[in-house]
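# Architecture and fold: a report
As a plain string of letters, each chain reads:
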Amino acid sequence: MNQEARLPRNGKEGALYGAIICTLTVLFMSSINIILGVGEFNSEVALMILKVFPIIWIIVMIIEPVVIGRIAEKLTATFTQPTDSFNAKILFRILFTVLGMSFCMTFIGDMIGNGLSSQTFNHFLANWPRNFLIALFAESILIQPFARFVMVKLHASQDKKKSSAAGVTIHGLSEQKS
């Protein structure tokens, strides 16, 4: 069976892959939005980013696999064919995931930062297009390729351990036969 080395092969690897993507995206997007909201970066802003990070991370780790990821997977299957390339499928998956997550998290992030007010909808309209484009760029060019690189290295390490374990077993059997 030829498995894709750039993607997770089981649930544990899927959790690692998702955690890498969510951690980097949340850190990057939270930092950008808080810095733009405050208008500067200083130690107080850095502390604010660190305080909000775990809350946003938990929300993202729930929303992405439970809702947005499933929708993105269905849309990707709708807009791609089995014969389409890996890159085409990944780009569609990134597009649909970022579309949904940026939509949800722009609204949720504003509510966390400013509370629910009459300005929430106006903030959303002003911030969502920017958040979508920044997240799409970051996911496509930096974050997803890094997560896939980690998977490739993990699978290479696993394959090396399997082949050396198989070699020990074969070597041990040949010694017993002699």
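A few points on the structure. What you see as residue numbers is a count from 1 along each chain, following the sequence as written. Local features are withheld for residues below a pLDDT of 70 in this predicted model, meaning they are given only at 70 or higher, and side-chain atom pairs are given and counted only at 80 or more; totals for whole chains, interfaces and linings count all residues. Side-chain numbers come from the whole structure's heavy atoms, not from hydrogens or water.

### Description of the layout of surface pockets
Both site types are read off a 1 Å grid over the protein atoms alone. A 1.4 Å probe that fits but cannot get out defines a cavity, while an open set with protein on both sides within 12 Å along at least five of seven lines defines a pocket; lining residues have an atom within 4 Å of a point. Grid points are joined across faces, edges and corners, and a volume is the space filled by probe spheres set on the points. Within this model, the largest pocket holds a volume of roughly 1300 Å³. Residue lining of the largest pocket: 50 residues in total, with Thr25, Met29, Val60, Met101 and Met105 positioned closest to the centre. Where helices and strands are cited, they refer to DSSP runs of H or I of at least four residues and of E of at least two residues respectively, numbered from the N terminus. For the lining of the largest pocket, the elements supplying multiple residues, two or more each, are α1 (11-38), α2 (43-79), α3 (86-114) and α4 (120-177). Amino acid classes used here: Ala, Val, Leu, Ile, Met, Phe, Trp, Tyr, Cys and Pro are nonpolar; Asp, Glu, Lys and Arg are charged; the rest, including Gly, are polar. Residue composition of the lining of the largest pocket, grouped by class: 26 nonpolar, 17 polar and 7 charged.

### Side note on the packing of aromatic side chains
Paired rings are identified among Phe, Tyr and Trp, the last through its six-membered ring, by centres lying within 6.5 Å, and are further divided according to the angle between planes into stacked (under 30 degrees), edge-to-face (over 60) and tilted (the rest). Applying the stated criterion across every chain, the model contains 7 aromatic pairs. By the ring-pair criterion, three or more aromatic residues cluster together here, those being Phe103, Phe124, Trp128 and Phe132. Against the face of Phe86 rests Arg6, its NZ or CZ located 3.7 Å from the ring centre. Working rule: Lys NZ or Arg CZ, within 6 Å of ring centre, within 35 degrees of ring normal, means a charge sits over the ring.

### Examining a nonpolar patch on the surface
Where nonpolar side chains cluster on the molecular surface, the patch consists of Ile58, Ile62, Val66, Val67, Ile71, Leu75 and Phe79 and spans about 610 Å² of accessible area. Counting through the fold element by element, Ile71 comes out in helix α2. Each residue gets one of three labels from its accessible area relative to the maximum for its type: buried under 20%, exposed over 50%, partly exposed in between, using a 1.4 Å probe on protein chains only. Ile71 gets classed as partly exposed once you look at its relative accessible area, which sits at 45%. What goes into a patch is any residue over 30% in relative accessible area without a salt bridge, connected to like charges within 9 Å or, for nonpolar side chains (Val, Leu, Ile, Met, Phe, Trp, Tyr), within 5 Å. Per-residue accessibility takes into account occlusion by the displayed protein chains alone, with areas from the Shrake-Rupley method and a 1.4 Å probe. One side-chain nitrogen of Lys or Arg within 4 Å of one carboxyl oxygen of Asp or Glu is enough to make a salt bridge.

### Description of the nonpolar core
If you look at the biggest cluster of nonpolar residues, it comprises 13 residues, and the most contacted ones within it are Ile34, Ile56, Val60, Ile63, Met101 and Met105. Those elements that place two or more of their residues in this core are α1, α2 and α3. The dominant element in this core, judged by the number of residues it contributes, is α2, at 7 residues. Look past the residues within four positions of Met101 in its chain and what remains in contact with it is Val60, Ile63, Glu64, Ile68 and Thr106. Here, nonpolar core refers to any group of buried Ala, Val, Leu, Ile, Met, Phe, Trp, Tyr and Cys residues whose side-chain atoms link them within 4.5 Å. Any two residues whose heavy atoms approach within 4.5 Å at even a single point are treated as in contact.

### Brief notes about α3
One turn of an α-helix holds 3.6 residues; hence residues three or four places apart share an orientation. With 29 residues, α3 extends 40 Å between its outermost C-alpha atoms, agreeing within 8% with the 42 Å of an ideal straight helix rising 1.5 Å per residue. Note on α3: the residue one or two positions beyond its end, Gly115, has a positive phi of about 75°. Helix span, expected: 1.5 Å multiplied by one less than the number of residues in the helix.

Take it as geometry only, folks, not as evidence of what the structure does.
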